[in-house]
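Architecture and fold: a report
Here is how the chains run, residue by residue.
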Amino acid sequence: MTTPVAGEGGVDAYAKLAELGITLPQVVPPLASYLPAVQSGNYVYVSGQLPLVDGKLPLTGKVGAEVTAEQGAELARTCAVNVLAAVEGLVGLGRVVKIVKVSGFVASAPGFTGQPAVVNGASNLFGEVFGEQGRHSRSAVGVAELPLGAPVEVEAIVEVA
């Protein structure tokens, strides 16, 4: 673990995670030909993270059918934890300056329009961990299917020092 970034808004993400009772998992291995996260300049681009826990999906199906919006939000929170694990694995959370952009994909039943509330599960976690530096721009998109039948997937762009 690294120390928090000094200067504007430096937040001790490790202390916040401990306060929330969250232990970062190992980085989820890629399911295909890509890297979990890539750094370019001062930005880390985190690939879409599924809500895998110990290598398994706790739920599968469409939000608005087999999965409730509340369950979807909890799964999005798990995706966000996996995003943080990818950042930790590449550069360390202590280098995070700002969560810049979050994209959330929600496998949606026909007629389900609550994607923003589902993706709030991820956005809220970033805010809890990083405070003002966790506030970000965002897309919340309904999709027909996600890998492995996952109900939600989250990717992020993170500025680092």
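Scroll up to find the structure.
Model, not experiment: these values are computed from the prediction.

**Here's the deal with the pattern of salt bridges**
Enumeration according to the criterion identifies three salt bridges in this entry. Here Glu 145 and Lys 62 are joined by a salt bridge, their closest N and O atoms 2.7 Å apart. Note that Glu 145 is positioned in the loop between strand E4 (137-143) and strand E5 (152-160) and Lys 62 in the loop between strand E2 (43-49) and helix H2 (69-90), a separation of 83 residues in sequence. Using a relative accessible area of 55% as the deciding quantity, one classes Glu 145 as exposed.

**What to know about the environment of Leu 50**
Take Leu 50: it is sitting in the loop between E2 and H2. Residue classification places Leu 50 among the buried residues on the basis of a relative accessible area of 6%. Through-space distance from the C-alpha of Leu 50 to that of Leu 90 is 18 Å; in sequence the pair is 40 residues apart. For Leu 50, the residues in contact, after removing those within four places along its chain, are Leu 31, Leu 57, Cys 79, Asn 82, Pro 147, Leu 148, Ala 150, Val 152 and Glu 153.

**Thoughts on the sheet that holds E2**
Strand order across the open sheet formed by five strands is E1-E2-E5-E3-E4, with mixed pairing between neighbours. Two strands close off the open sheet at either side, each with one partner strand: strand E1 (37-40) and E4. The mean inter-strand angle of the sheet, taken between neighbouring strand axes irrespective of direction, is 15 degrees. In this fold helix H3 (residues 115-130) packs onto strand E3 (96-107), E4 and E5, with an angle of close to 150 degrees to the strand it touches most, E4.

Reading the values: the criteria
Residues numbered from 1 in each chain as written. Predicted model: local features only at pLDDT ≥ 70, side-chain atom pairs only at ≥ 80, totals over all residues. Heavy atoms only, no water. Salt bridge = Lys/Arg side-chain N within 4 Å of Asp/Glu carboxyl O. Helix = DSSP H or I, 4+ residues; strand = E, 2+ residues; numbered from the N terminus. Buried < 20%, exposed > 50% of the residue type's maximum accessible area, 1.4 Å probe, protein only. Contact = heavy atoms within 4.5 Å. Pairing = 2+ DSSP bridges. Axes fitted to C-alpha atoms, helices over the stretch in contact; angles between N-to-C directions.

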